Amino acid sequence: NALNSLKYFCEETPQYNIVAAGSLLGVKLSTPKSFPVGKVTLLPLSPMTFPEFLSALGEKRYRTLLEGLTTVEPLPGLIHDEIIDLLKAYYFVGGMPEAVARYADSRSFERVRAAQNDILKEYALDFAKHAPASDIPKLSILWDSIPVHLARENKKFIFSALSKSARARDYENALRWLYDAGLIHMAHAVESVQQPIAGFAERNSFKVYMLDVGLLACLGRIPAGMLIQGHELFTTYHGAFVENYVAQQLAASGCPLYYWKSGGNGAEVDFLFEHGSTILPLEVKAGINPKSKSLLAYDKRFKPAVLVRSTLLNLIKNGRILNIPLYAINSLDRLLAQSVMYHMENL
């Protein structure tokens, strides 16, 4: 009834701006009698992105800097190092508003972890409240298995890893439930890279990421002490946090998630994305000495205008390889505009 009433607010009191917040899953399950088509604008609300996290911590100067990047020039070393430290904190805290608020107020990782544990418990209660009774145990198994799958070398989601007798058809509905609830992101494999990407995605080959990297850290029981141990947080779980972080930032911008896999030599590029009329590869690495065998294999086959890599290294372009620091991944489109244009002009 509340949802349907928005129609009459729009028609009879257009001078008011009405905002309603709620669970998309709740709307779907409530089976409303009607929906105010054309009267409501739906705005998906995701966990806070890294730039938003910077603003919440009082570091808006860095957000302004990152969102103003349009040219490929390295940042001053001191600034680069300071933003890397803030990125470490984001990997632990994540973007859930309560966790961010507690960290902004107290800088206490213990208070952050308490908030994250509460959120995970509330999600478990949502499983029991909204999901079909037969799917509740499966939801819990799938949810708890995400860190395990991401810890695998290729991070592909495999149903048999849940249990020896697990079959895809037994868990498909539960997996879809988590996706529709906005609790996970799914990146589907693509072998033949053509536009539109969605038409060439493999339905049964995919990776699963959590909606928030901080909740992944909590579910995976990553200790706060890892934050001060060099770059260990970035490399743990075979770089799972790096991939989940990038997936989260891309999804928040509305970018569908895909990755490339070679049918022959086992090469794999972490993400594919459409930039204008082109499809570009994005490889993400946890360290500062990245090797790019898969990216070069992709280049040999498809010859894209730019090869994109995101690491802990500073912003730099080496030939056609554009290295974007992990903290600047939200500036991807703006930085690519210059590189793609330069490539086109020099063909």
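The rules behind these values
- Think of each chain on its own: its residues are numbered from 1, step by step along the sequence as written.
- Side-chain atom pairs in this predicted model are given and counted only at pLDDT of 80 or more, local residue features only at pLDDT of at least 70, and totals for whole chains, interfaces and linings cover all residues.
- Excluding hydrogens and water, the side-chain figures rest on all heavy atoms present in the structure.
- We count a stretch as a helix when DSSP gives it H or I for four or more residues in a row; a strand needs E for two or more, and each element gets its number in order from the N terminus.
- The classification of residues rests on relative accessible area computed with a 1.4 Å probe and restricted to protein chains. Under 20% of the type maximum is buried, over 50% is exposed, and intermediate values are partly exposed.
- Polar contacts here mean pairs of N or O atoms no more than 3.5 Å apart (in protein, one a potential hydrogen donor and the other a potential acceptor; neighbouring residues in sequence count only if both atoms are side-chain atoms).
- The criterion used for residue contact is that any of the two residues' heavy atoms lie within 4.5 Å.
- The term salt bridge refers to a pairing of a side-chain nitrogen on Lys or Arg with a carboxyl oxygen on Asp or Glu at a separation within 4 Å.
- Strands are treated as partners if at least two bridges between them are detected by DSSP.
- Only buried Ala, Val, Leu, Ile, Met, Phe, Trp, Tyr and Cys residues count toward a nonpolar core, and they belong to the same one when joined by side-chain atoms within 4.5 Å.
- In this scheme, patches are assembled from residues that exceed 30% relative accessible area and form no salt bridge. Like charges are connected within 9 Å, while nonpolar side chains (Val, Leu, Ile, Met, Phe, Trp, Tyr) are connected within 5 Å.
- Here, Shrake-Rupley sampling with a 1.4 Å probe gives the accessible areas, and only protein chains in the shown set may cover a residue.
- Between the rings of Phe, Tyr and Trp (Trp by its six-membered ring), a pair exists once the centres lie within 6.5 Å; its type follows the angle of the planes, with under 30 degrees stacked, over 60 edge-to-face, and the other angles tilted.
- Look at NZ for Lys and CZ for Arg. If either is within 6 Å of the ring centre and within 35 degrees of the ring normal, a charge sits over the ring.
- One less than the residue count of a helix, multiplied by 1.5 Å, gives the span that helix is expected to have.
- Each C-beta atom gives one direction from the helix axis, and the arc is the one those directions make.

The subject of this paragraph is the environment of Ser192. Looking at the element boundaries, Ser192 is found in the loop between strand E1 (184–190) and strand E2 (201–210). Given the relative accessible area of 30%, Ser192 is considered partly exposed. Of note is the side chain of Ser192, whose polar atom sits 2.6 Å from the side chain of Gln194.

To continue, consider the environment of Ala267. Looking at where Ala267 falls in the secondary structure, it is placed in the loop between strand E3 (258–261) and strand E4 (268–275). Each C-alpha atom of the pair Ala267 and Leu296 lies 9.3 Å from the other, and the pair is 29 residues apart in sequence. Ala267 has contacts with Trp260, Lys261, Ser262, Ser294 and Ala297, leaving out every residue within four places of it along the chain.

What follows concerns the pattern of salt bridges. Per the counting criterion, the structure on display carries 11 salt bridges. Put simply, Arg176 and Asp180 hold a salt bridge, and the shortest N to O gap is 3.3 Å. With a gap of 4 residues between them, Arg176 and Asp180 both fall in helix H9 (residues 168–180), about one helical turn apart. Taking relative accessible area as the criterion, Arg176 reaches 46% and is therefore assigned partly exposed. A salt bridge links Lys207 to Glu268; its shortest N-O distance comes to 2.9 Å. Here Lys207, found in strand E2, pairs with Glu268, found in strand E4; they are 61 residues apart in sequence, far enough to count as distant. Residues joined in a network through salt bridges with shared partners are Lys155, Lys207, Glu243 and Glu268.

The side chains of a regular strand alternate between the sheet's two faces. Judged from the 3 bridges that link them, E1 and E3 form a sheet pairing that is parallel. Each bridged residue has a counterpart across the sheet, and for Val190 the counterpart in E3 is Trp260. Across 3 bridges, E3 lies against E4 in antiparallel orientation. The residue bridging Lys261 from the neighbouring strand is Glu268, located in E4.

Ser294, Leu295, Ala297, Tyr298 and Asp299 are the residues of helix H12 (residues 293–302) that are buried. The inward-facing, buried residues of H12 abut E3, E4, strand E5 (278–284) and strand E6 (307–311). A positive phi of about 50° marks Lys303, the residue just after H12.

What follows concerns the nonpolar core. The nonpolar side chains of soluble globular proteins are, as a tendency, buried together. Counting residues in each nonpolar core, the largest one holds 91 residues, and the members touching the most others are Phe50, Trp143, Tyr245 and Leu282. It is helix H5 (residues 77–93) that provides the largest number of residues to this core, a total of 9 residues. If you look at the next biggest cluster of nonpolar residues, it comprises 14 residues, including Val190, Val193, Tyr258 and Trp260.

Turning to a nonpolar patch on the surface, a few remarks are in order. A contiguous nonpolar surface patch, about 310 Å² in accessible area, is contributed by Phe9, Tyr16 and Ile18. Relative to the helices and strands, Tyr16 is located in the loop between helix H1 (2–12) and helix H2 (24–29).

Right, let's talk about the packing of aromatic side chains for a bit. The description of an aromatic ring pair rests on the distance of the ring centres and on the angle between the ring planes. Scanning the model with the defined rule gives 19 aromatic pairs in all. Among the aromatic side chains, those forming a connected cluster through ring pairs are Phe50, Phe53, Tyr90, Tyr91, Phe92, Tyr103, Phe109 and Tyr245. Just above the ring of Tyr62 sits the side chain of Arg61; from NZ or CZ to the centre is 4.3 Å. Here the basic side chain of Arg107 rests over the ring of Tyr103, its NZ or CZ set 5.3 Å away from the ring centre.

If you check helix H7 (residues 109–130), its first and last C-alpha atoms are 31 Å apart, about what 22 residues at 1.5 Å a residue would give, namely 32 Å. Residues of H7 that are buried include every one of Phe109, Val112, Arg113, Ala115, Gln116, Ile119, Leu120, Tyr123 and Phe127, and no others. Relative to the axis of H7, the buried residues are bounded by an arc of 160° and lie together on one face. For H7, the exposed residues lying more than 90 degrees away from the buried face are Glu110, Lys121, Leu125 and Lys129. Along its buried surface, H7 packs onto H5, helix H6 (97–106), helix H8 (136–150), H9 and helix H10 (213–219).

Another point: unusual backbone geometry. Residue Pro196 is reached from Gln195 by a cis peptide bond, and omega for that bond is -5°. Residue position: Pro196 is located in the loop between E1 and E2. In this structure, Arg221 takes a positive phi of about 55° despite not being glycine. One can find Arg221 in the loop between H10 and helix H11 (232–252).

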